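Chain residues, written in single-letter form:
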Amino acid sequence: MTDTTTSFSTLEKHLLNDFQHDLPLSATPFADMAEQLGVSENEVLSTVRKLQDEGVISRVGPVFTPNRIGVSTLAAMSIPAEELACVARIVSAFPEVNHNYERDHEFNLWFVVTASSEEHLEIVLQEIEQHAEYPLMSLPMLEDYFIDLGFKLQWA
Amino acid sequence: MEPNKPVTQLSTEDRALIKIVQRGLPIVSRPYAEIAERLSTTEQDVIQRLQKLIDDGSIKRYGVVVRHRELGYKANGMVVWDVPDDRVSELGSCIGKFPSVTLSYRRPRRQPDWPYNLFTMVHGRNREEVKQKVEEIVETCGLQDIDHTILFSTRRFKQRGASYTAPANTSGPAGFIRLNTTEDTAP
């Protein structure tokens, strides 16, 4: 496997690593980042845009606390291998579904369902079962033990 | 970390703002001014509303959100543990401190199909590295007697930020969505 992290420039590494949390809420966040790194605002803007276009940066902005401004659950299904791709597409088509993965287990389809209320969530879970024609196991978060400081990148 | 605080009551203005920012800031010199224009309000109002959402805990983290796989962390293992109920908090906190871990949640068991009550996400460049990191976690947190299993992801069908503002009257699939549009770490 190639290690893609080695191909980033110094500026890219700093942009990826140094601003994952506590980005100040100033009117000009990218100019602030530029000042901290000793480069121009335009360099920061163009580099962040490039990393976002490449998919390395998903976005710049808030990560919301689970179950505070909406409700969500982790759902799992056990699907025969030959039907998995088809069922996964049905599940992914719901706008309330994000992070839909195949995992190597008897429960082989895992996804997160997010909704604006408990009632909405229940309806969506039922609709997914109906459309997918397989039962779903819902595992809502009961407690969160993780302090999110982003993901410390270890440059090789 | 406070568990299970009730869902925050949001104003219409906050909902409209969240709908825009959950997909990320526009990458421009004055992003909040641009958002303010779309909401017919002021730059200062947008910044103050976001500050309030950070202060009241609705926003957990604010900054650059990276995608692990594109950074070379191609293996992610969902490591699930069957922990005695009275030790979940202690062990969940211990595992959550590792730099390779991005989630540590308590979830219900579903006996007999599903005995595991602690869910952690461990990232590595490959499966071997994830397994090594799990071994380190077992050693450090003293989990030798705790049953666990690693569920590696083998295909990503969809990955994007959570959408919290979907209407309550959604009625099923609205067509297939292109995969990998935007994304982060799974809630």
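Note that the structure is a prediction, hence the values are computed from the model and not measured.

## Notes on the overall build of chain A
A count of helices and strands for chain A gives five helices and six strands. Moving toward the C terminus, one meets the helices and strands of chain A in the order α-α-α-β-β-α-β-β-α-β-β. On C-alpha atoms alone, chain A measures out to a radius of gyration of 20 Å, which is more than a quarter above the 15 Å that the 2.2 N^0.38 rule sets for 156 residues. Taking the principal axes of its C-alpha atoms as reference, chain A extends roughly 55 × 40 × 25 Å.

## A look at the sheet that holds strand β3 (residues 101-106) of chain B
Pairing is antiparallel in the open sheet, where nine strands are placed in the order β5(A)-β2(A)-β4(A)-β3(A)-β5(B)-β2(B)-β4(B)-β3(B)-β6(A). Looking at the sheet topology across the chains shown, the edges are occupied by β5 (137-139) and β6 (143-144) of chain A. Bridge count for strand β2 (residues 75-82) of chain B against strand β5 (residues 147-158) of chain B is six bridges, and the pairing is antiparallel. Counted as the bridge partner of B:V80 is B:T149 from β5(B). Sheet strands touched by helix α4 (residues 88-96) of chain B: β6 of chain A together with β3 and β4 (118-124) of chain B. Its angle to β3(B), the strand with the most contacts, is close to 170 degrees.

## With respect to helix α5 (residues 127-141) of chain B
Residue and element names in this part refer to chain B. Compared with the 21 Å implied by 1.5 Å per residue over 15 residues, the 21 Å span of α5 between its first and last C-alpha is a close match. For α5, every residue scored as buried is listed here: V130, K133, V134 and I137. Down the axis of α5, the sector holding all buried residues measures 105 degrees, keeping them to one side. Within α5, the exposed residues directed more than 90 degrees away from the buried face are E128, E135 and E139. Where α5 is buried, its residues contact β2, α4, β4 and β5. Residue G142 follows α5 closely and has a positive phi angle near 65 degrees.

## Quick notes on the environment of B:S153
On the secondary structure map, B:S153 appears in strand β5. Residue class for B:S153 comes out buried when judged on the 21 C-beta atoms lying within 10 Å of it. With 97 residues separating them along the chain, B:S153 and B:D56 place their C-alpha atoms 34 Å apart. With residues up to four places along the chain from it excluded, the contact list for B:S153 reads A:Y101, A:E102, A:R103 and B:N76.

## Description of the nonpolar core
Counting residues in hydrophobic clusters, the biggest one holds 34 residues, and the most contacted among them are A:L15, A:V48, A:I57, B:V64 and B:V66. Going through the elements one at a time, α1 (10-17), α2 (29-37), α3 (41-53) and β1 (57-64) of chain A together with α1 (12-21), α2 (31-38), α3 (43-55) and β1 (59-66) of chain B are the ones with two or more residues in this core. With five residues, β1(B) is the largest single contributor of residues to this core. Residues in contact with B:V64, not counting those within four places in the same chain, are A:L15, A:L16, A:F19, A:Q20, A:I57 and A:V60. Listed in part, the 25 residues of the second largest apolar core include A:Y145, A:F146, B:V88 and B:V134.

## Some words on the confidence of the model for chain B
Caution is warranted with low-pLDDT regions, since their predicted coordinates should not be read in detail. Taken over all residues, the pLDDT of chain B has a mean of 83, while the share at 70 or more is 81%. Of the two predicted TM-score estimates for the complex, the pTM is 0.77 and the ipTM is 0.78.

## Section: helix α5 (residues 118-132) of chain A
Think of an α-helix as turning once every 3.6 residues; residues three or four places apart then point the same way. Residues and elements named next belong to chain A. The terminal C-alpha atoms of α5, which comprises 15 residues, lie 21 Å apart, in line with the 21 Å expected from a rise of 1.5 Å per residue. In this fold, the buried residues of α5 make contact with β2 (71-77), α4 (84-92) and β4 (109-115). Two residues or fewer past α5, E133 is found with a positive phi of approximately 60 degrees.

## Quick word on unusual backbone geometry
Here the amide bond leading from B:Q111 into B:P112 is cis, since omega sits at 0 degrees, within 30 degrees of zero. Structurally, B:P112 can be placed in the loop between β3 and β4. At A:H99, a position not held by glycine, the phi torsion is positive, near 55 degrees. Along the polypeptide, A:H99 turns up in strand β3 (residues 97-103).

Cut-offs used in this document
Residues numbered from 1 in each chain as written. Chains lettered and ligands numbered in written order. Predicted model: local features only at pLDDT ≥ 70, side-chain atom pairs only at ≥ 80, totals over all residues. Helix = DSSP H or I, 4+ residues; strand = E, 2+ residues; numbered from the N terminus. Rg over C-alpha atoms; globule rule 2.2 N^0.38 Å. Pairing = 2+ DSSP bridges. Contact = placed C-beta atoms within 7 Å. Axes fitted to C-alpha atoms, helices over the stretch in contact; angles between N-to-C directions. Expected span 1.5 Å × (residues − 1). Buried ≥ 20, exposed ≤ 12 C-beta atoms within 10 Å, placed from the backbone. Arc of directions from axis to C-beta. Core = buried A, V, L, I, M, F, W, Y, C linked by C-beta atoms within 7 Å. pLDDT = per-residue confidence, 0-100.

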